Every structure is written in structure tokens, then in C-alpha cells.
2 protein chains.
Amino acid sequence: MVNTAPPVGYALKHAQSLLHLRMEEALKPLHLTVSQYSCLFRLRREPGISAAALARATFVTRQSMNAMLQQLIDRDLVARPSRARTGRALPTVLTVAGADALDAAQKLVDGVEQRMLSGLSMAANDALARGLASCINSLEE
Amino acid sequence: MVNTAPPVGYALKHAQSLLHLRMEEALKPLHLTVSQYSCLFRLRREPGISAAALARATFVTRQSMNAMLQQLIDRDLVARPSRARTGRALPTVLTVAGADALDAAQKLVDGVEQRMLSGLSMAANDALARGLASCINSLEE
DNA sequence: TTGACCATGTCAGTAGCCTGACATACTCTG
DNA sequence: CAGAGTATGTCAGGCTACTGACATGGTCAA
């Protein structure tokens, strides 16, 4: 007897959709979208990263990322040179204002994430993370 | 010592993004998008459901759902009356062609889902499903 | 050195989904 | 019975992300 509908994929979508919604709500006062937050977050972890690499890390196309970066540059949260020192990649970095915005956003996002995981024991949290990692591994390539 | 970046939210996004991508690839030969598949899937489970309820179940707005339903109606995969017998809700149902398309799509999607879960034991699969359910529960309202 | 190959950035066009707003139909309370 | 409240469908407009295409710069093998 098999399931008529394996619920894992649906649950994944449901959870991600809700997480995105709550994050969007939380970040609204800062006038940041989830995508913009992800971008700033990754920029702190990898200063000087190229826009294309940033795009891959945040699951959008490089075209979308460049459009988003332009907005963030206009708001002075991010900076990058107009010409590459070498190659074509333009190394992008956080500005001071960008780092400040990220700090504020981080607190709000952490709250949402804690809320999401509040019903899980440490072991269950671990099992969830491990399960997701396995799914990711099985799906890539 | 706390994590600089709690990876669960990111892993959730990563997994969902990959799953969506693989499903999109798998459904391409049928000229169906993931959203359309989700819509058909839900329609089989709940024949006669309203477009608004369908929208909630598939995590889009009712405006988007109505636009999508119009496409599916044009392709004769879905049908619904032009007037409601009672109230405003227009009960939507699968056509025979829609059921056939869903059957074909189901096989492909099941393959993707199995691939995603292929690295997990039954217990780990269970723990993942339970963890996601807990996250969903904690995040709604 | 040269030519294939790949990565990056950019331009143009398209599609999907969203928010905001409104009319309609039912329900429920006073 | 009158009114508010809720749910559904629909129209209009806008924004975001996508695909497709191209030029540029670097790498690597022949």
C-alpha cells in the first residue's frame, strides 16, 4: 500500500513558503526583501564576491542579481567598482550602512528562524538539517 | 559559541529551489509547470473546489490561480461552470484529459521525489517529514 | 600563439505573480 | 429586517524574475 500523495515535497514547499512570508513580514520595517537580505548576508560572508557567484548562492539568475545589486547600490548598502582590476567580475562589498542594515535584519530573521524551530528538540533539529542536506545532495547534478 | 549563520532556513530554501528546478525539468515534456501540476494534483484530491481554496492550497493568490485556471481551461485540462449554482464560488473539476495529464505528470514527479529521498532511511524520512510539519505548525499564525 | 571553451556582465523582451480595488453573494448579529 | 462582516471572482497596474542573446575577458590545450 503506497501513499496516494507523498507529502514531503508538499511539506517542503509549504514550510519554505511560510518561512518566506514570515521573513518578508519581519523585514518590511527595514524596507528589505528576503532576496535583498540573502544578498547582504552572503556579501558579509564572502566580501568581494562576483555578482554571478552571488546569484548562484541566492538561487536567482545573474540578471536578477545585477538588477537587485543596482538597487542596493542606489541605497548605498553595497558598493562595487565600475571596472574590474582583472577579468570581468566586479567584486562587490557591503558598505558600512549595508553592514548596519544587515545587523538589524539579522536579529529579525533570527527571531523568525527560532520561532520556526521552537517545536523541535536539539536532536530533531539536527535530524531535520541532516535530512535537508541529504535531499539537496541527492538533487544536485 | 553560536553559529554565525543558522543553516536550516537556507537549507530549506536550497532544497525547495532544487526540487522545484528538477520538477520543472521533469514536467517540461508535458508542457506543464510545477504550479499547474500542483493545481491538477489538488483538483483530483478535492473535485469541485473553488479557485480561491485552490489558491490557498497551492500558495498563490486567487488572482494568479484564476489566470492559471483560464490557461488550463483553454487546454481542456480543467472545467468549471460559468455560473455558480449557489454563492459565488465556481466549482472546478478535472477533465478526462486533465486526469490523463496528471497521471503522466505524477509518474515523473514521483521519480523526482524518490530521487530526493533516496539517501534517507525510512526513519530519517520520517524524521524529516515530522520536522517539516513542526516548522509549518510553528510558523502559521 | 591561436582557437575552443567558459565565466561574467549586460541588454531586450516576456511571463508569472503580486497588491489594490471593486462588485456580488452568503452569513450572522442586532 | 437591516447592517456589518466574510468569501469569492474579477479588473487594472506594476514589479520581479525569468529566458534568450551578445560582447568581453580569462584559461587551457593543440
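Residues numbered from 1 in each chain as written. Chains lettered and ligands numbered in written order. Predicted model: local features only at pLDDT ≥ 70, side-chain atom pairs only at ≥ 80, totals over all residues. Heavy atoms only, no water.

**Overview of helix H6 (residues 122–139) of chain B**
Taking 1.5 Å per residue, 18 residues should reach 26 Å; H6(B) reaches 26 Å between its end C-alpha atoms and fits that length. For H6(B), the secondary structure elements touched by its buried residues are helix H1 (7–27), helix H5 (96–117) and helix H6 (122–139) of chain A together with helix H1 (7–27) and helix H5 (96–117) of chain B. Positive backbone phi, at 45°, marks Glu141(B), one or two positions downstream of H6(B). (Helix = DSSP H or I, 4+ residues; strand = E, 2+ residues; numbered from the N terminus. Expected span 1.5 Å × (residues − 1). Contact = heavy atoms within 4.5 Å.)

**Some details on the layout of surface pockets**
Of the voids in this model, the largest pocket is the one considered here, and its volume is about 830 Å³. Together, 34 residues line the largest pocket, and Ser38(A), Phe59(A), Gly9(B), Tyr10(B) and Lys13(B) are the ones closest to its centre. For the lining of the largest pocket, the elements supplying multiple residues, two or more each, are H1, helix H2 (34–45), helix H3 (51–58), helix H4 (62–74) and H5 of chain A together with H1 of chain B. Considering every element that reaches the lining of the largest pocket, the biggest residue donor is H1(B), with 11 residues. (1 Å grid on protein atoms, 1.4 Å probe; cavity = no way out; pocket = protein on both sides within 12 Å on 5 of 7 lines; lining within 4 Å. Points joined across faces, edges and corners; volume = space filled by probe spheres on them.)

**Remarks on the protein's contact with DNA strand C**
Neighbouring DNA strand C are 22 residues; Arg56(A), Arg88(A), Leu90(A), Gln63(B) and Arg88(B) lie closest to it. One of the side-chain N or O atoms of Gln63(A) is found 3.4 Å from a base oxygen in DNA strand C. In this structure, a phosphate oxygen belonging to DNA strand C sits 3.1 Å away from a side-chain N or O atom of Ser35(B). Among the secondary structure elements, those contributing two or more residues to the surface near DNA strand C are H3 and H4 of chain A together with helix H4 (62–74) of chain B. Looking at the surface near DNA strand C, its residues break down into 6 nonpolar, 10 polar and 6 charged. (Near = heavy atom within 4 Å. Polar contact = N/O pair within 3.5 Å; in protein donor to acceptor, adjacent residues only side chain to side chain. Nonpolar A, V, L, I, M, F, W, Y, C, P; charged D, E, K, R; others polar.)

**Quick look at H5(B)**
Helix length check: H5(B), at 22 residues, gives a terminal C-alpha distance of 31 Å against a target of 32 Å (1.5 Å per residue), a fit within 8%. The elements touched by buried residues of H5(B) are H1 and H6 of chain A together with H1, helix H2 (34–45), strand E2 (93–94) and H6 of chain B.

**Describing the protein's contact with DNA strand D**
In the neighbourhood of DNA strand D, 22 residues make up the surrounding shell, with Gln63(A), Ser64(A), Arg88(A), Ala52(B) and Arg88(B) lying closest. Within 4 Å of the protein, the contacting atoms of DNA strand D are drawn from sugar and phosphate to the extent of 58%. One nitrogen or oxygen atom from the side chain of Arg88(A) is found 3.2 Å from a base nitrogen belonging to DNA strand D. Residue assignment for the surface near DNA strand D shows that the elements contributing at least two residues are H4 of chain A together with helix H3 (51–58) and H4 of chain B. Sorting elements by how many residues they give to the surface near DNA strand D places H4(A) first, with 4 residues. Looking at the surface near DNA strand D residue by residue, the class counts come to 6 nonpolar, 10 polar and 6 charged.

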